[in-house]
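The lines below spell out each chain.
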Amino acid sequence: MPFALLIGLVGASVTTLISITLAAVGVWYGGWVDTLIQRLVEANMILPVIAICVLVYAYFNVSIWVILWIVVLLNVFGSPIKTMRAALLQVKNAPYIESARVYNTSDGRIIFHYLIPRILPILLPQFVSLIPSYVFLEATLGIFGVTSDYPTWGSVIYSAIRYWGNWGNAYWVLEPIGLLLLTGFAFTMLGFALERILNPD
């Protein structure tokens, strides 16, 4: 569990920070910048992430950390950018943004001090809900043989399936799967609760 949660927290944090920055930059500057970011998102959403990672591991025999960074980079241009962009478009025309423009506030200050903090109530539930997706992704990669030196649920399932004839016990598979489902359910409920608290409307 510690290694799986570490992957989930790090992956979700990096993905959220880069995604919100790209969404804010695209909304603020508009034009070709926003169009380019949206086209990259739409192209990336049809890519089979797991298949790409398994192929990279099979052909180049890289470590799981390289695979996870590839996953993070691919998920940066994912569906969360669409949600963040919709929220930022409403904030962009707020009166205090117009006041900041009148006072010749720099673009960087407006983006990081006025735009992004305004959508934190939307950002936090998405961040929490993104953590189990990385936990499941690591377990899925482990099932496909992309294992590491660290004990993870994915590596336990992979070993149980591979050496089923020697062990002959279904609990080697059922226990990590049950813990994965429980972890995903817990973070999903936490994200749902934060959504109800931060966005009561």
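Residues numbered from 1 in each chain as written. Predicted model: local features only at pLDDT ≥ 70, side-chain atom pairs only at ≥ 80, totals over all residues. Heavy atoms only, no water.

Peer 1: When you look at the pattern of salt bridges in this model, what are you seeing that I'm missing?
Peer 2: All chains considered together, the criterion is met by four salt bridges. One salt bridge connects Glu42 with Lys82, and the closest N-O pair in it is separated by 3.3 Å. Of this pair, Glu42 sits in helix α2 (residues 31–44) while Lys82 sits in helix α5 (residues 80–92), and the two are 40 residues apart along the sequence. The exposure class of Glu42 is partly exposed, given its relative accessible area of 34%. Here Lys82 falls in the partly exposed class, since its relative accessible area comes to 32%. Across the pair Arg101 and Glu98 runs a salt bridge, and its minimum N-O distance is 3.4 Å. Here Arg101 pairs with Glu98, and both are found in helix α6 (residues 95–102), just three residues apart, close to one helical turn. Here the residues in one salt-bridge network are Arg39, Glu42 and Lys82, joined through shared partners. (Salt bridge = Lys/Arg side-chain N within 4 Å of Asp/Glu carboxyl O. Helix = DSSP H or I, 4+ residues; strand = E, 2+ residues; numbered from the N terminus. Buried < 20%, exposed > 50% of the residue type's maximum accessible area, 1.4 Å probe, protein only.)

Peer 1: Explain the packing of helix α4 (residues 64–76) against helix α8 (residues 120–143) here, please?
Peer 2: Packed helix pairs are specified by the crossing angle of their axes together with the interaxial distance, meaning the distance between the axes. For the pair α4 and α8, the least separation of the axes is 12 Å and the interaxial angle reads 135 degrees. Of the possible angle classes, the one that applies to α4 and α8 is oblique. As α4 packs across α8, the resulting crossing turns out to be right-handed. Together, Ile64, Ile67, Val71, Val72 and Asn75 of α4 and Tyr134, Leu137, Glu138 and Leu141 of α8 make up the contact between the two elements. Across the contact of α4 with α8, the residue classes break down as seven nonpolar, one polar and one charged. (Axes fitted to C-alpha atoms, helices over the stretch in contact; angles between N-to-C directions. Parallel < 35°, antiparallel > 145°, perpendicular 65-115°, else oblique. Left-handed = near helix turned anticlockwise from the far one by under 90°. Contact = heavy atoms within 4.5 Å. Nonpolar A, V, L, I, M, F, W, Y, C, P; charged D, E, K, R; others polar.)

Peer 1: I tried to follow helix α11 (residues 171–198) on my own but got confused; where do I start?
Peer 2: Every α-helix winds through 3.6 residues per turn, so residues three or four apart in the chain are directed the same way. Relative to the 40 Å expected for 28 residues at 1.5 Å per residue, α11 spans 40 Å between its end C-alpha atoms, a close match to the ideal helical length. Taken as a whole, α11 has its buried residues at Val173, Pro176, Leu180, Thr183, Gly184, Phe187 and Gly191. (Expected span 1.5 Å × (residues − 1).)

Peer 1: So what exactly am I meant to see when it comes to the packing of α5 against helix α7 (residues 107–118) here?
Peer 2: Put simply, α5 and α7 touch, their axes get as near as 9 Å, and they point 120 degrees apart. The orientation of α5 with respect to α7, classified from their angle, is oblique. With respect to the hand of their crossing, α5 and α7 are arranged in right-handed fashion. Two secondary-structure elements touch here, α5 through Leu88, Val91 and Lys92 and α7 through Tyr114, Leu115 and Arg118. Classifying every residue of the contact of α5 with α7 gives four nonpolar, no polar and two charged.

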